[in-house]
Amino acid sequence: MDIKITTLSGDDAGQVTLSDEIFGLVPREDILQRVVRWQLAKKRQGTHKAKGRSEIARTGAKMYKQKGTGRARHHSARAPQFRGGGKAHGPVVRSHEHDLPKKVRALGLKHALSAKAQSSSLIVVDELMLSEAKTKALLQSFATLGVSNALMIGGAEVDLGFKRAAANIPNIDVLPVQGINVYDILRRGTLVLSKAAVEALEERFK
């Protein structure tokens with residue numbers, strides 16, 4: 001698959017051939033869903049907590065005598081049915097992580113890249129670098145490229161000036177190529193790859 005390379009100012013900077021094994025697959029929603037679910041589960045803090053009856057600071061004495069009152073045979077006021085009692089089967093602190101094979105994760109990334117290429121939402125630029133780190137200048141470049149909601153992937157290291165200029169722009173994420181992931185690709189409308197990022201991805205999936 002051939003795709004043209006542009007500069008941030010919108011000028012033509014040549015052409016690059018993308019590997020069909022990475023960018024030319026037919027996207028499978030089931031694989032993308034599995035990877036996104038795994039990512040979001042891994043991100044969850046799992047710090048939700050409700051007190052059970054054993055954790056409530058309340059007397060454990062029997063509420064009233066067993067017989068003769070005409071009322072139900074209750075014991076502790078910490079039981080869940082009483083106001084101020086513990087929560088029955090409430091959430092506890094735990095990890096939400098689950099396993100996903102590395103091959104499925106790698107395949108998910110390929111399918112996410114292919115989905116962007118197939119929907120013409122993939123732009124390749126020569127480099128993500130600014131002569132002056134100004135948000136205003138970067139906004140003009142994005143307007144030229146027709147980008148308003150995008151994930152920008154640089155090389156092994158992202159230019160600090162570009163990253164700072166993009167930090168003030170809503171719906172724009174900037175990551176080095178090591179941080180590329182399925183969830184961030186799919187949550188943004190356009191994927192912008194630098195030439196170095198394309199080379200790194202093709203080297204990674206050799």
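Since the structure is predicted, the reported quantities are computational estimates derived from the model, not experimental observations. (Residues numbered from 1 in each chain as written. Predicted model: local features only at pLDDT ≥ 70, side-chain atom pairs only at ≥ 80, totals over all residues. Heavy atoms only, no water.)

*Asks:* Explain the packing of aromatic side chains to me, please; I cannot follow it from the model alone.
*Replies:* Within a pair of aromatic rings, the relevant descriptors are the distance that separates the centres and the angle that separates the planes. Considering all chains together, one arrives at 0 aromatic pairs under this definition. Across from the ring centre of Y64, 4.1 Å away, lies the NZ or CZ of R71, which sits over that ring. (Phe/Tyr/Trp six-rings, centres within 6.5 Å; stacked < 30°, edge-to-face > 60°. Lys NZ or Arg CZ within 6 Å of the ring centre and 35° of its normal.)

*Asks:* Before we go on, may I ask you to explain the nonpolar core in this structure?
*Replies:* F23, L113 and L193 are the most contacted members of the largest nonpolar core, which has 31 residues in total. Setting aside anything within four residues of it in sequence, one finds L113 in contact with I22, F23, I180, I185, L191 and L201. One finds L130, M152, A166 and V192 within the second-largest nonpolar core, a separate group that totals 18 residues. (Core = buried A, V, L, I, M, F, W, Y, C linked by side-chain atoms within 4.5 Å. Buried < 20%, exposed > 50% of the residue type's maximum accessible area, 1.4 Å probe, protein only. Contact = heavy atoms within 4.5 Å.)

*Asks:* Would you explain the packing of helix α4 (residues 135-145) against helix α5 (residues 160-167) in this entry?
*Replies:* Each pair of packed helices can be summarised by the angle the axes make with each other and by the distance between the axes. Where α4 contacts α5, the two axes come as close as 8 Å, and the packing angle between them is 85 degrees. Between α4 and α5, the angle falls in the class roughly perpendicular. Together, T135, L138 and F142 of α4 and F162, A165 and A166 of α5 make up the contact between the two elements. A breakdown of the residues in the contact of α4 with α5 according to their chemical character gives 5 nonpolar, 1 polar and no charged. (Axes fitted to C-alpha atoms, helices over the stretch in contact; angles between N-to-C directions. Helix = DSSP H or I, 4+ residues; strand = E, 2+ residues; numbered from the N terminus. Parallel < 35°, antiparallel > 145°, perpendicular 65-115°, else oblique. Nonpolar A, V, L, I, M, F, W, Y, C, P; charged D, E, K, R; others polar.)

*Asks:* How do you make sense of the confidence of the model for the protein when you look at a structure like this?
*Replies:* Reading fine detail from the predicted coordinates is not recommended where pLDDT is low. Mean pLDDT over the protein stands at 93; residues scoring 70 or higher make up 100%. Confidence, read as mean pLDDT per element, is least for strand β2 (residues 12-17) in the protein (86) and greatest for helix α2 (residues 29-43) (97). (pLDDT = per-residue confidence, 0-100.)

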